Amino acid sequence: MSKPNIAIFDYGAGNLFSLKTSLEKNGADKIVILNDLKGIEKFDGLILPGVGNFDPAIKTIEKSKEILVDVVNKGFPVLGICLGMEMLFENSEEGKLNGLSIFNGNVKILPSHKVKIPHMGWNNLDIVKSGSKILEGIKDRSWVYFVHSYRIVPKKKDTDIVVANTNYGIDIPVVIEKNNLFGTQFHPEKSGTIGAKIMKNFIEACNKK
Amino acid sequence: MTLSKRIIPCLDVDNGRVVKGINFNKVRDAGDPVEFAKRYTKQGADELVFLDITASEQKREIIKNVVRNVASVINIPFTVGGGIKKIDDARGILLGGADKVSINTAAVKKPELITELMSIFGKQCIVVAIDTKKNYGAGGKHFFKSFNKKSNKIEKYWFEVLIYGGKEGTGIDAIEWSQKIEKLGAGEILLTSIDADGTQDGYEIKLIDVVCNKVRIPVIASGGCGKPIHMFQVFKETNVDAALAASIFHYERTTIDKVKKYLKRKKINVRI
């Protein structure tokens, strides 16, 4: 089986080194960093990384929105990490711009009256739906590493995309999956062996594209 | 369930090599930072902290290579501190693969640096380290009392912020400073007691407790950990988020996984 080539979208906001290293170690072949999604189908999968702020990130990806929606509909594997997942929704309390609106729902700040913000550290997964591709082989209550201040709130139509929650003052959805479109609120590239397995699962999905 | 308490091994790095202290004297060249990073990650460290103690400015470039080499072999969060004076120093470290930078003296000298770093790299990247020492004189804002058995007197003291690796006092009250840096945009506080660090007799619980109640950002306790029970005490008696230790892991007196198993038995929520 050949190793897949993976593209990482760069919002220009920061460090993609850990992500790139993680992909290399977990079975990707060539990793390319892009700031435009034209020609994305040449690759086997795409990662929307988790560093940056909502509005500046949306600005950089807006011009590629149609391409992204189109490839997602065709089953092209995409993994959104943290902010990269939040952008898939309609809007965010972090910014004023519209999100990519691939999913119905909003992004809201964590409940500051209950918990410290950002939610930073290791927390457990509560797996709420079986048969997930991205969580294949991952046990319930596994530890993963979070750094975020916002949470996704899918609307009724899209609540079935949630495959795992985490409790941080309240239950928040932290893994979503629909066909080959995946999202994690935590950082798999920083989540030790559990995170490595999740990266492998994504790369596996890219292999089957 | 909620966040686990984090156990963070800390390594001093000089000229690109890990330096171990034995009886508080520095011994040169104890090993390759990459090997330490791999070992601690495997043992279940929740994060790594590297402090660059290289004195000469010219050799400071070496740390960037260390950061890159370490970041290539680990898959847990990684903080680098020591000698970061300006935005470009932090950028070099973060682009090399560190997740957070820790600033100390520079934050005291130029507090607006915290805000600048926060607005460029995000709050979650910015750790402000506070080195503290008990001061029995005047000048503090938050006073503590303890009974001195030798003199048979009640002593009053406050915690002063020290800079340049604990060599210079600032007259700043550590509790007040912790609140100020939170407002300026620090994402996390690394709170070290220099007195406790010397004794290895347990963390400075009183100070840690007050700081944790005064700020809403995560606090890492540092200084004084000589045995696993010290970690248990600090987690039980304060709301601290993480415990940092150096010597108990370097000397291989114990390992991170053993400490975590012990803490779990004592009902502390740790990642195993």
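Just above sits the structure.
Residues numbered from 1 in each chain as written. Chains lettered and ligands numbered in written order. Predicted model: local features only at pLDDT ≥ 70, side-chain atom pairs only at ≥ 80, totals over all residues. Heavy atoms only, no water.

Quick notes on the overall build of chain A
Consideration 1: The number of helices and strands found in chain A is five helices and 13 strands.
Consideration 2: A compact globule built from 209 residues should have a C-alpha radius of gyration of about 17 Å, and chain A, at 16 Å, falls within 12% of that.
Consideration 3: Dimensions of chain A, computed from C-alpha atoms along their principal axes, come out at roughly 45 × 35 × 35 Å.
Consideration 4: Residue burial in chain A is summarised as follows: out of 209 residues, 58% are buried. (Helix = DSSP H or I, 4+ residues; strand = E, 2+ residues; numbered from the N terminus. Rg over C-alpha atoms; globule rule 2.2 N^0.38 Å. Buried < 20%, exposed > 50% of the residue type's maximum accessible area, 1.4 Å probe, protein only.)

A word on the overall build of chain B
Consideration 1: For chain B, the helix and strand inventory stands at eleven helices and 13 strands.
Consideration 2: Over its C-alpha trace chain B gives a radius of gyration of 18 Å, about what one expects of a compact globule, namely 19 Å for 272 residues.
Consideration 3: With the principal axes as the frame, chain B shows a C-alpha extent of 55 × 45 × 40 Å.
Consideration 4: Within chain B, buried positions represent 54% of all 272 residues.

Considering the sheet that holds strand 6 (residues 105-109) of chain A
Residue and element names in this part refer to chain A.
Consideration 1: In spatial order, the strands read 5-6-10; together these three strands make up an open sheet with mixed pairing. The strands lining the two open edges of the sheet, one partner per strand, are strand 5 (91-92) and strand 10 (150-154).
Consideration 2: Sheet topology places strand 6 next to strand 10; five bridges connect them, and they run antiparallel. The residue of strand 10 that forms the bridge with Gly 105 is Pro 154. (Pairing = 2+ DSSP bridges.)

So, helix 5 (residues 192-207) of chain A
All names here are of chain A.
Consideration 1: For helix 5, which comprises 16 residues, the first-to-last C-alpha distance of 23 Å matches the rise-based estimate of 22 Å (1.5 Å per residue) to within 8%.
Consideration 2: Within helix 5, burial applies to Gly 192, Gly 195, Ala 196, Ile 198, Met 199, Asn 201, Phe 202, Ile 203, Ala 205 and Cys 206.
Consideration 3: Elements that come into contact with the buried residues of helix 5 comprise strand 1 (6-9), helix 1 (17-25), strand 3 (45-48), strand 4 (78-81), strand 7 (119-124) and strand 13 (181-184). (Expected span 1.5 Å × (residues − 1). Contact = heavy atoms within 4.5 Å.)

Some details on the packing of helix 8 (residues 205-214) of chain B against helix 9 (residues 228-237) of chain B
Residues and elements named next belong to chain B.
Consideration 1: Axis separation between helix 8 and helix 9 bottoms out at 10 Å; the angle between their running directions is 35°. Crossing hand, helix 8 versus helix 9: right-handed. Contacts between helix 8 and helix 9 involve Ile 205, Ile 208 and Asp 209 on the former and, on the latter, Gln 233, Val 234 and Glu 237.
Consideration 2: Each residue belonging to the contact of helix 8 with helix 9 can be placed in one class, and the counts come to three nonpolar, one polar and two charged. (Axes fitted to C-alpha atoms, helices over the stretch in contact; angles between N-to-C directions. Left-handed = near helix turned anticlockwise from the far one by under 90°. Nonpolar A, V, L, I, M, F, W, Y, C, P; charged D, E, K, R; others polar.)

A short note on the interface of chain B and chain A
Consideration 1: With 35 residues of chain B in contact, the opposing surface of chain A contributes 27 residues.
Consideration 2: Where chain B abuts chain A, roughly 2500 Å² becomes buried across the two surfaces, and 54% of that area is made up of carbon and sulfur atoms.
Consideration 3: One can count two salt bridges joining chain B with chain A.
Consideration 4: In this structure, Asp 241 of chain B engages Lys 116 of chain A in a salt bridge whose closest nitrogen and oxygen atoms are separated by 2.8 Å.
Consideration 5: Seen at the junction of chain B and chain A, the total is ten residue pairs in polar contact (both at pLDDT 80 or more).
Consideration 6: For the side of chain B that touches chain A, the secondary structure elements donating two or more residues are helix 2 (62-71) and helix 3 (87-95) of chain B.
Consideration 7: Among the residues making up the side of chain B that touches chain A, the classes are represented as 14 nonpolar, ten polar and eleven charged. (Buried area = accessible area lost by both parts, 1.4 Å probe. Salt bridge = Lys/Arg side-chain N within 4 Å of Asp/Glu carboxyl O. Polar contact = N/O pair within 3.5 Å; in protein donor to acceptor, adjacent residues only side chain to side chain.)

Comments concerning the pattern of salt bridges
All names here are of chain B.
Consideration 1: Taken as a whole and judged by the stated rule, the model has 22 salt bridges over all chains.
Consideration 2: Here Lys 38 ties to Glu 35 by a salt bridge, and the two come within 3.6 Å at their closest N and O atoms. Here Lys 38 pairs with Glu 35, and both are found in helix 1 (residues 33-43), just three residues apart, close to one helical turn.
Consideration 3: With a relative accessible area of 38%, Lys 38 lands in the partly exposed category.
Consideration 4: Measuring nitrogen to oxygen at the nearest pair gives 3.3 Å for the salt bridge that ties Lys 86 to Asp 89.
Consideration 5: Bridged by salt links that share partners, the residues Arg 6, Glu 47, Lys 100 and Glu 188 form one connected network.

Things to note about unusual backbone geometry
Consideration 1: Look at the link from Ile 117 of chain A to Pro 118 of chain A: it is a cis peptide, with omega at 0°.
Consideration 2: Within the secondary structure layout, Pro 118 of chain A lies in the loop between strand 6 and strand 7.
Consideration 3: Of note in this structure, Cys 82 of chain A is not a glycine but carries a positive phi near 55°.
Consideration 4: Overall, the relative accessible area of 6% leaves Cys 82 of chain A in the buried class.
Consideration 5: Residues other than glycine seldom take positive phi values, yet Tyr 164 of chain B does so here, at roughly 50°.
Consideration 6: Note on placement: Tyr 164 of chain B falls in the loop between strand 9 (153-163) and strand 10 (168-173).

Concerning the packing of aromatic side chains
Consideration 1: Across all of its chains, the model carries twelve aromatic pairs over all chains by this definition.
Consideration 2: In textbook terms, an aromatic cluster arises when at least three aromatic residues are bridged by ring pairs, as seen for Tyr 136, Phe 144, Tyr 157 and Phe 159 of chain B.
Consideration 3: Over the aromatic face of Phe 36 of chain B sits the side chain of Arg 39 of chain B, whose NZ or CZ is 4.9 Å from the ring centroid.
Consideration 4: In this structure, Arg 271 of chain B is placed above the aromatic ring of Trp 122 of chain A, and the distance from its NZ or CZ to the ring centre is 3.6 Å. (Phe/Tyr/Trp six-rings, centres within 6.5 Å; stacked < 30°, edge-to-face > 60°. Lys NZ or Arg CZ within 6 Å of the ring centre and 35° of its normal.)

Describing the nonpolar core
Consideration 1: By size, the foremost hydrophobic cluster in this structure holds 84 residues, and its most contacted members are Leu 48, Phe 50, Phe 78, Met 231 and Leu 263 of chain B.
Consideration 2: Dropping the residues within four chain positions of it, Phe 50 of chain B is found in contact with Leu 11, Val 13, Pro 33, Ala 37, Val 66, Val 70, Phe 78, Thr 79, Val 80 and Gly 81 of chain B.
Consideration 3: Listed in part, the 35 residues of the second largest apolar core include Leu 110, Val 163, Val 174 and Cys 206 of chain A. (Core = buried A, V, L, I, M, F, W, Y, C linked by side-chain atoms within 4.5 Å.)

Notes on the sheet that holds strand 2 (residues 31-34) of chain A
Residue and element names in this part refer to chain A.
Consideration 1: The sheet built from eight strands is open, its strands ordered 2-1-3-4-13-12-11-8 with mixed pairing. Unpaired on one side and paired on the other, strand 2 and strand 8 (126-127) mark the two borders of the sheet.
Consideration 2: In terms of strand pairing, strand 1 meets strand 2 through four bridges, oriented parallel. Bridge pairing in strand 2 links Ala 7 to Val 32.

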